[in-house]
Amino acid sequence: MSGEDRFQAPWNFLGLPEEISSPQHARGWLLPIPYESTTSYGAGTREGPSAILSASRQVELYDHEFQGEPALAYGIHTTPALNLVHRSPEAMVANVAEAVAELLTGSPRPEVLGILGGEHTLSAGVARGLAKIMDPASLVAVQIDAHADLREEYEGSPFSHACAARRILDVCPVFQIGIRNLSLGEAEFLKKNRRVRTVFSEESSEPRGRFLEDLARFVKGKTVFFTIDLDGLDPAIMPAVGTPEPGGISWQRLLEVARVVCRQSRKVAVFDIVELAPLPGFRAPDFLSAKLVYKLFSYILLGREKTKKPKQEKRS
Ligand SMILES: [Mn+2]
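A few points on the structure. Not measured: the values here are computed from a predicted model. (Residues numbered from 1 in each chain as written. Predicted model: local features only at pLDDT ≥ 70, side-chain atom pairs only at ≥ 80, totals over all residues. Heavy atoms only, no water.)

1. Digging into the environment of Thr227
In this structure, Thr227 sits in strand 7 (residues 223–229). For the pair Thr227 and Leu212, spaced 15 residues apart in sequence, the C-alpha separation works out to 17 Å. Those residues within four positions of Thr227 in sequence are excluded, and the remaining contacts are His120, Ser123, Val142, Gln143, Ile144, Ile168 and Asp272. Here His120 takes part through its side chain, which lies 3.0 Å from a polar atom of the side chain of Thr227. Polar contacts involving the side chain of Thr227 include one to the side chain of Ser123, which spans 3.2 Å. (Helix = DSSP H or I, 4+ residues; strand = E, 2+ residues; numbered from the N terminus. Contact = heavy atoms within 4.5 Å. Polar contact = N/O pair within 3.5 Å; in protein donor to acceptor, adjacent residues only side chain to side chain.)

Written as C-alpha cells, this is what we have:
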C-alpha cells in the first residue's frame with residue numbers, strides 16, 4: 001500500500017482538495033439539510049444528503065459536455081449540515097429561511113447555494129429566506145415534481161411535504177414540470193390561479209419539448225429558486241423516493257430543463273434537490289443525484305460562458 005492509498009479524499013462534495021473547496025475560494029456552496037418529519041409513505045429522506053455526498057466522491061471531475069473539469073474552475077464548498085430543532089414543521093421552515101438568508105448575505109458568501117434534502121417541506125423555508133433578502137417581485141420558482149403539492153394543508157399542517165408548492169406560491173410564481181398526481185381540490189385551484197403554470201407529465205415528456213419556450217419566458221430577467229423533487233423523474237431511473245409515480249421525466253429532459261433555467265434566467269440563487277430516500281445496496285439513484293448537483297453548479301457558474309456564440313472567423 002502506497003502512502004497515497006491510505007488517505008481518503010476529504011469528506012465534501014466531489015472529494016475536492018481544501019484549496020478548491022474552502023469558503024474563500026468556492027463560488028458554489030452546498031448545504032445538507034437532513035430533515036424528515038411529514039413523509040407520508042416510504043421513509044428515509046434523512047439519509048439523502050449523506051448518500052449524495054458519498055456518491056459524489058465517485059463522480060468523475062471531467063465533464064464531457066464542458067470538455068474540462070468545471071469544479072476546479074469555480075470550486076464547491078460543502079458546509080456542515082443544518083442542525084434542525086425538531087419542534088414542528090413551522091419551526092423548521094423558519095430555521096431554514098434564516099439559514100438561507102444568512103448564508104447568502106454573509107461574508108464570504110456563495111454566488112449560488114445548493115441544498116441537499118431532506119423532504120420537500122424545507123423548500124418553503126428556502127423561498128421565505130430568499131424573500132427576506134431580495135425583492136420578491138423579481139423572484140420565481142421552477143419546480144420539478146410528480147406531485148402538484150398545492151394543498152393548503154395536509155394532515156392538519158400547512159407545512160406538510162404535500163403543500164410544498166403552495167407555500168412557495170405564497171412567496172412567488174411557480175412553474176411546475178412533470179406533474180402526474182394531484183387531488184380534485186388542487187386541479188380546481190390550478191384552474192383559477194394565474195401564478196402557477198403546470199406542465200403535466202405527458203407535456204413534459206413530449207419529444208420536441210415545446211414547453212421549454214414558455215419556461216424560458218417565465219425565467220427571463222428573474223432570479224430563480226430551482227426546486228427539484230426527485231420523484232418528478234421517471235421511477236425507472238429514480239426509484240429511491242418516498243412516493244414514486246409512473247411516468248415522469250428522463251435524465252436528458254431534466255438536463256434540457258436545467259440548461260434553460262440556468263442560462264435564460266438572470267440568475268439561479270438557490271437550487272434544492274429533495275426527497276432522495278436511498279435504497280440500501282442500490283447506488284444508481286444516489287449517483288444520479290450527485291451528478292445532477294454537479295451539472296447544476298456547472299450550468300449556473302459556467303453556463304453563460306458556454307452559451308455565447310463563438311465569433312465567426314472572417315475568411316479572406
Ligand atoms: Mn413529489
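2. Digging into the pattern of salt bridges
By the definition in use, this model includes 15 salt bridges. Residue Arg167 pairs with Glu152 through a salt bridge whose shortest N-O separation is 3.1 Å. Here Arg167, found in helix 6 (residues 164–169), pairs with Glu152, found in the loop between strand 4 (139–144) and helix 6; they are 15 residues apart in sequence, far enough to count as distant. Residues Asp170 and Arg167 are paired through a salt bridge, measuring 2.8 Å at the closest nitrogen-oxygen approach. Each of Arg128, Glu152, Arg166, Arg167 and Asp170 takes part in salt bridges that share partners, so that together they form one network. (Salt bridge = Lys/Arg side-chain N within 4 Å of Asp/Glu carboxyl O.)

3. Digging into the nonpolar core
Counting residues in each nonpolar core, the largest one holds 61 residues, and the members touching the most others are Phe13, Val142, Ile177, Leu215 and Phe226. The dominant element in this core, judged by the number of residues it contributes, is helix 11 (residues 284–307), at 11 residues. Filtering out sequence-adjacent residues up to four positions away, Phe226 remains in contact with Val142, Ile144, Val257, Ala258, Val261, Val268, Val270, Phe271, Asp272 and Leu296. Within the second largest apolar cluster, 40 residues are counted, among which are Ile115, Val174, Phe189 and Ala269. (Core = buried A, V, L, I, M, F, W, Y, C linked by side-chain atoms within 4.5 Å. Buried < 20%, exposed > 50% of the residue type's maximum accessible area, 1.4 Å probe, protein only.)

4. Some remarks on helix 2 (residues 48–56)
Taken across its nine residues, helix 2 has seven buried, putting it largely inside the fold. Those residues of helix 2 that sit buried are Gly48, Pro49, Ala51, Ile52, Leu53, Ala55 and Ser56.

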